[in-house]
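Coordinate analysis (summary)
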Amino acid sequence: MRVIYRLVAGGVALIVAVATGVVLLVTRDDSPATVTAAAEPTVKPTSGTPSGDALRPTASPGTGVSAAPGAAASATGGPTASSASAAPTPEATPAASAPATVEPATAGSGASATAAPTPKLKPIDAALADPRIPGPPKNKKLGKLPGRTIAVKRWIKDRRSRIAVARMPRIWKPVKSAPFATRQVLPAVKGAGHRALLVSCPVPILVQKELRDTAIVAARWTLNHQPKGAKIKWVASQPKKVGKRDAWLLAYEVKYTVKGKRRTSMAAVVLTEIPKHKPALLFVSIPDSQKKRWRDINTVISTLKAA
């Protein structure tokens, strides 16, 4: 009986095996797999680290690129970088380095954008560097200019500057002085480029160490009251006395163009030292259209008084 049972059991097993083979042949799919999933590497957990699932990298959908283990650990509230780096894996997150300091650069040059500040010129150096000024003048006395000498009988006291300026007779007229302290003018002449004027005020520029230098800077400033493009040509430069006070005289021609025609004005500045105050400035300018009045410049300078 045992032998019969064994034979029956063996026959049943054979029948089952044959039936299973037939089913596999019928249901087999001969087409190759279109997508092969890469096996996900796992990291064996170590002491002091979370489970392997917490350190397992996750792949971005459709990219096949795995995220760094450190990032996954941070996202799941895992350990800090120091504890995570203990795991012996080639994809461990690199240690953070100190941020680099980059200097801003000038576009296209690669040079530092922070340039050294340009030293500021002193007023006298700026004046002598001005192309409208022909360098420092040589000492020379002012001679007699064209015209007739006139007598002065009255003076206009400039209380702000502490000097007294001749009240010029005949066609010179006092007018509203602002922004000067005193002002006198000749009648305007068509085509002259500017109007003759005689003014005084405390010198409106920074005072230099030497009175002569202050006079040069003041002469440059007077170009603001000349036609555009005017340039200076020195005629005289000399020390003077106004009463008992030191003074400096600069006389110069002013060259410019009006409607294509070259014109010239004769001008002068006198700087007078005033104790405990800025020097007083006397400025006179007369265009060549009134050249017969140029001698008035000699008169104004020679009659200037301290007040």
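Right, let's walk through the structure included here.

Reading guide: rules and limits
- Each chain has its residues counted from 1, running along the sequence as written.
- The predicted origin of the model limits local features to residues at a pLDDT of at least 70 and limits the giving and counting of side-chain atom pairs to 80 or more, whereas totals for whole chains, interfaces and linings rest on all residues.
- Only hydrogens and water are set aside when side-chain values are computed; all heavy atoms of the structure are taken into account.
- For the purposes of this entry, the term helix denotes a DSSP run of H or I that reaches at least four residues, the term strand denotes a run of E that reaches at least two, and both are numbered from the N terminus.
- Contacts: residue pairs with any heavy atoms within 4.5 Å of one another.
- As used here, the term nonpolar core means buried Ala, Val, Leu, Ile, Met, Phe, Trp, Tyr and Cys residues forming a set that is joined through side-chain atoms within 4.5 Å.
- Each residue is assigned to one of three classes by its accessible area relative to the maximum for its type, calculated with a 1.4 Å probe on protein chains only: buried under 20%, partly exposed between the two thresholds, exposed over 50%.
- Whether two strands pair depends on DSSP finding at least two bridges between them.
- Axis angles are defined between N-to-C directions and span 0 to 180 degrees, where every axis is a line fitted to C-alpha atoms and, for a helix, only to the segment in contact.
- A carboxyl oxygen of Asp or Glu within 4 Å of a side-chain nitrogen of Lys or Arg is what we treat as a salt bridge.
- The aromatic pairing rule takes the rings of Phe, Tyr and Trp, using the six-membered ring of Trp, and pairs them if the centres are within 6.5 Å, calling planes under 30 degrees apart stacked, those over 60 edge-to-face and the rest tilted.
- Polar contact criterion, stated in full: a pair of N or O atoms within 3.5 Å, where within protein one must be able to donate a hydrogen and the other to accept it, and residues adjacent in sequence count only if both atoms are side-chain atoms.

**Looking at the side chain of Asp 213**
Mapped onto the elements, Asp 213 comes out in helix α6 (residues 211–221). Beyond its immediate chain neighbours, meaning those up to four positions away, Asp 213 contacts Ile 124 and Gln 208.

**A short note on the nonpolar core**
Counting residues in hydrophobic clusters, the biggest one holds 32 residues, and the most contacted among them are Trp 234, Leu 250, Tyr 252, Val 269, Leu 271 and Leu 281. It is α6 that provides the largest number of residues to this core, a total of seven residues. With residues near it in sequence (within four places) discarded, Val 269 still touches Ala 215, Ala 219, Thr 222, Trp 248, Leu 249, Leu 250, Tyr 252, Leu 281, Leu 282 and Phe 283. Residues Leu 142, Leu 249, Ile 286 and Val 300 belong to the second largest nonpolar core, which totals 30 residues.

**Considerations on the sheet that holds strand β10 (residues 305–306)**
Pairing is antiparallel in the open sheet, where three strands are placed in the order β1-β2-β10. Pairing within the sheet leaves two strands with one partner each, and these edge strands are β1 (155–158) and β10. By the bridge criterion, two bridges tie strand β2 (residues 163–166) to β10 in an arrangement that is antiparallel. By the bridge assignment, Ile 163 is partnered in β10 with Ala 306.

**Observations concerning the sheet that holds strand β8 (residues 261–274)**
Strands sit in the order β3-β4-β5-β9-β8-β7-β6 across an open sheet of seven strands; the sheet is antiparallel. Two strands in the sheet have a free side with no partner beyond their single neighbour: β3 (173–174) and β6 (231–242). In the packing of α6 onto the sheet, the strands contacted are β6, β7 (245–258), β8 and β9 (277–287), and the crossing angle to β7 comes to about 25°.

**What to know about unusual backbone geometry**
Each neighbour pair has its own omega, and for Ala 178 with Pro 179 the value is 10°, a cis peptide bond. Mapped onto the elements of the fold, Pro 179 is located in the loop between β3 and β4 (182–185). Positive phi outside glycine occurs at Arg 162, with the angle close to 65°. Counting through the fold element by element, Arg 162 comes out in the loop between β1 and β2. Look at Lys 276: it is not a glycine, yet its phi comes out positive at around 65°. Mapped onto the fold, Lys 276 is located in the loop between β8 and β9. Here Lys 276 falls in the exposed class, since its relative accessible area comes to 86%.

**Remarks on helix α7 (residues 295–302)**
Burial within α7 is extensive, with seven of its eight residues counted as buried. Against β5 (197–202), β6, β7, β8 and β9 lie the buried residues of α7.

**A short note on the pattern of salt bridges**
Pairs can form between side chains of opposite charge once their charged atoms are near each other. Across all of its chains, the model carries seven salt bridges by this definition. With its nearest N and O atoms 3.1 Å apart, the salt bridge here joins Arg 293 to Asp 296. By the burial criterion, Arg 293 is buried, and Asp 296 matches it. Each of the salt bridges in this network shares a partner with another, and the network as a whole consists of Asp 130, Arg 132 and Arg 220.

**Here we look at the packing of aromatic side chains**
Considering all chains together, one arrives at two aromatic pairs under this definition. With a centroid separation of 6.4 Å and an interplanar angle of 75°, the aromatic rings of Phe 180 and Trp 221 are classed as edge-to-face. Highlighted residues: Phe 180 in the loop between β3 and β4 and Trp 221 in helix α6, separated in sequence by 41 residues. The class for Trp 221 is buried, based on a relative accessible area of 19%.

**Examining α6**
Burial runs high along α6: nine of the 11 residues are buried. Among the residues making up α6, those that are buried are Leu 211, Asp 213, Thr 214, Ala 215, Ile 216, Val 217, Ala 218, Ala 219 and Trp 221. Residues of α6 that are buried make contact with α5 (123–129), β6, β7, β8 and β9.

**Comments concerning the environment of Arg 245**
Inspection of the secondary structure puts Arg 245 in strand β7. With relative accessibility at 22%, the residue Arg 245 sits in the partly exposed group. The sequence separation of Arg 245 and Ala 306 amounts to 61 residues, and the corresponding C-alpha distance is 7.7 Å. Ignoring sequence-local partners within four residues, the contact set of Arg 245 consists of Arg 162, Lys 240, Thr 272, Glu 273, Ile 274, Pro 275, Ala 306 and Ala 307. Polar side-chain contacts of Arg 245 include one of 3.2 Å to the backbone oxygen of Arg 162.

**A few points about the side chain of Thr 264**
When you line up the elements, Thr 264 lands in strand β8. A residue is classified by how much of its surface remains accessible, and Thr 264, at 14% relative accessible area, is buried. A distance of 3.4 Å separates the side chain of Thr 264 from the side chain of Lys 255, its partner in a polar contact.

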